[in-house]
Amino acid sequence: MAAAPMVKAESVVKNYGRLEVLRGIDLEVWPKEVMCIIGPSGSGKSTFLRCINHLEKIDGGRLSVDGELVGYQQRGDKLYELRDNEVSKKRSEIGMVFQSFNLFPHLTVLQNVVEAPIRVKRESRDPAVERGRELLERVGLAEKMDAYPRQLSGGQQQRVAIARALAMQPKLMLFDEPTSALDPELVGEVLDVMRGLAEDGMTMIVVTHEMGFAREVGDSLVFMDGGVVVEEGKPRDVLTNPQHERTRSFLSKVL
Amino acid sequence: MADVASPPAAIKAVPVRHPGRWVAALVVLVVGAYVVGTVVSSVAHDVTKEGHGWDTVAHYFLNPLIVRGVWLTLVYTVLAMVLGIVLGVVLAVMRLSPNWVVGWVSWLYIWFFRGTPVLVQIFFWFNLNILISHIGIGIPFTSLWLQADTNSLITPFVAVLLGLGLNEGAYMAEIVRAGIISVEHGQTEAALALGMDRLLLMRRIILPQAMRVIIPPTGNETISMLKTSSLAYIATGNELFTRTEQIATATYAVIEMLIVASIWYLMLTSVLTVGQYYIERYFARGSHRQLPMTPFQRFKRMLVTFHAPPPLPVEPPVGLASDHR
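Now for a quick tour of the structure. (Residues numbered from 1 in each chain as written. Chains lettered and ligands numbered in written order. Predicted model: local features only at pLDDT ≥ 70, side-chain atom pairs only at ≥ 80, totals over all residues. Heavy atoms only, no water.)

**Section: the overall build of chain B**
Okay, so step 1: Counting its secondary structure elements, chain B contains 13 helices and two strands.
Okay, so step 2: Counting across all 325 residues of chain B, residues that qualify as buried make up 35%.
Okay, so step 3: Sequence separation of 24 or more characterises 67% of the internal contacts of chain B that already satisfy a separation of 6 or more.
Okay, so step 4: About 20400 Å² of surface is accessible on chain B, with carbon and sulfur atoms providing 71% of the total. (Helix = DSSP H or I, 4+ residues; strand = E, 2+ residues; numbered from the N terminus. Buried < 20%, exposed > 50% of the residue type's maximum accessible area, 1.4 Å probe, protein only. Contact = heavy atoms within 4.5 Å. Areas by Shrake-Rupley, 256 points an atom, 1.4 Å probe, with all protein chains shown as cover.)

Now the structure itself:
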């Protein structure tokens, strides 16, 4: 593995008013690693994911991606908040896939995919469209290129969302419960795409309830509860031989 | 179990009769016909005119003065709406700004211009020269100044435009704001996660979607503006209504000229209504699985099939699942 972690969290704290959502998270994600995060709702796993691309601002601790602090710059021993365009720049290097897809409904599938490469990265149209086609082919939706998102099933929409994130050629992909809003029969097609991504060596953090996926594809598994990491380890170990009582009781309910 | 060879027969039943509906329709038609008939015949027998009242209407309907008035009405409507929409977008974005001073200024603008009558505002701009005799622009504390007489700068035309447009801006601001906040927050998050900045997010993602909410009331505003432009009368704006009134004063054909104006206004608003339908349709793309047919398409279809059109052959896209998210 490479020498430096892709994501490094040191006692990360996040509060919503007086509610403490994250109470000191310490984690390291290495390049090409697939980390799955599980835990009951309200445990802070989605919030942690959103902190990584600065959709949420952290209130304490340190969080860095690829060796650079998220949302801040350190000069001497002082922290300076990043400007909006600097934050945007960093976000463009991290792909994110949402539970509710959040495709742009007024754009066709292909337009969804090429919008950010053309407008944000200022790529010229033809190569961007060419790569958009390839990505859609890769997620098995080449023939849906000119459809609008609402004409697609949930599973197809989520695959487009993955292609849209990949079009920015991210160094890290964040998945926020990507299959939770899908009918059971459609979960598989999305997980297959994600599995392919993992095999290609993408660094991924996946908040999920899919234990099978976590076991087979994940390199590491994190169980979060109450805003802290309760347990972390090899997926097989955590799932079959949990060390903590909280983990055991959670797994007994979901497995 | 019975054989499934023959499909169940269609139901044949005597429909419920609704005599009340027939009576109501008849009453409404009789009353309506009476009112229209009275007006039409009264104008026809107007004894103050030589010949027919309706002849007067026809005579002045395409009078060059009237036609130029119609043109000016359209110019006022279009320019005032353009000014209003641009102002509205700016004010709406200002109101949603994280900078509270900016938001507050926008609120104050809307409060003032929505809170005073358009007629008063037009008249105010028209009389601006009483308050300020010269309008200048330049760099403070230097001699670099461009200055002009207020009356030469704020012509009646400009006064009407300012009155209508600035007032419209306040209304459009609220319409645009409603559109912006109607767009799901997930859209903002997805766009930000892709690295878009606020401007790009607004221009490419939020506003195009907000359009669906913004267009119908904006169509209303445009139709309303077409009629409100008649208030230009107070500033001798020389649009349709001013022109008909001028002719009415000169010829005493008061009612006839009001009819001329009304027919023109009705024709113009009808055209706008059709235009609005097609603009709405354009911005609805992506919001339905299949766009409904236009009346024209439905008409064509009817001609081809010669009877009530059968249900549309909605072909679900391949692999379409049951969830509608």
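**As for the layout of surface pockets**
Okay, so step 1: Of the volumes computed, that of the largest pocket is approximately 840 Å³.
Okay, so step 2: Counting residues per element, the ones that place at least two in the lining of the largest pocket are α2 (84–91) of chain A together with α8 (156–182), α9 (185–193) and α10 (198–228) of chain B.
Okay, so step 3: It is α10 of chain B that provides the largest number of residues to the lining of the largest pocket, a total of five residues. (1 Å grid on protein atoms, 1.4 Å probe; cavity = no way out; pocket = protein on both sides within 12 Å on 5 of 7 lines; lining within 4 Å. Points joined across faces, edges and corners; volume = space filled by probe spheres on them.)

**Thoughts on the pairing of strand β7 (residues 78–81) of chain A**
Residues and elements named next belong to chain A.
Okay, so step 1: Bridging between strand β6 (residues 72–75) and β7 involves four bridges; their strand directions are antiparallel. Note on β7: the bridge partner recorded for Q74 is L79.
Okay, so step 2: Count of turn residues in the β6/β7 antiparallel hairpin: two residues, of which G76 carries a positive phi of about 65 degrees. (Pairing = 2+ DSSP bridges.)

**What about empty space enclosed by the protein?**
Okay, so step 1: Summed over the entire model, instances satisfying the criterion amount to one cavity of 30 Å³ or more.
Okay, so step 2: In this structure, the largest cavity encloses a volume near 60 Å³.
Okay, so step 3: Taken together, I94, G95, M96, F98, R164 and A165 of chain A together with A190, A193 and L194 of chain B form the lining of the largest cavity.
Okay, so step 4: Elements that contribute at least two residues to the lining of the largest cavity include exactly β8 (94–97) and α5 (154–166) of chain A together with α9 of chain B.
Okay, so step 5: Ranked by the residues each element gives to the lining of the largest cavity, the list is headed by β8 of chain A, at three residues.
Okay, so step 6: Taken together, the residues that form the lining of the largest cavity break down as seven nonpolar, one polar and one charged. (Nonpolar A, V, L, I, M, F, W, Y, C, P; charged D, E, K, R; others polar.)

**Structural notes on the sheet that holds strand β11 (residues 220–225) of chain A**
Residues and elements named next belong to chain A.
Okay, so step 1: Read from one edge to the other, the open sheet built from six strands follows the order β8-β9-β10-β3-β11-β12, with strand pairing classed as mixed. Since the sheet does not close on itself, it has two edges, and those belong to β8 and β12 (228–233), each with one partner. Each neighbouring strand pair of the sheet contributes to a mean axis angle of 15 degrees, computed without reference to strand direction.
Okay, so step 2: Pairing between strand β9 (residues 172–176) and strand β10 (residues 204–207): four bridges, direction parallel. Bridge pairing in β10 places F175 opposite V206. (Axes fitted to C-alpha atoms, helices over the stretch in contact; angles between N-to-C directions.)

**So, the interface of chain A and chain B**
Okay, so step 1: The partner chain B presents 29 residues to the 35 residues of chain A that form the contact.
Okay, so step 2: Surface buried jointly by chain A and chain B totals about 2900 Å² across both partners, of which 51% is contributed by carbon and sulfur atoms.
Okay, so step 3: Of all residues in chain A, F104, H106 and R150 of chain A bury the most surface against chain B, accounting for 21% of the area lost on that side.
Okay, so step 4: Where chain A touches chain B, the interface holds two salt bridges.
Okay, so step 5: Across the pair R50 of chain A and E189 of chain B runs a salt bridge, and its minimum N-O distance is 2.5 Å. (Buried area = accessible area lost by both parts, 1.4 Å probe. Salt bridge = Lys/Arg side-chain N within 4 Å of Asp/Glu carboxyl O.)

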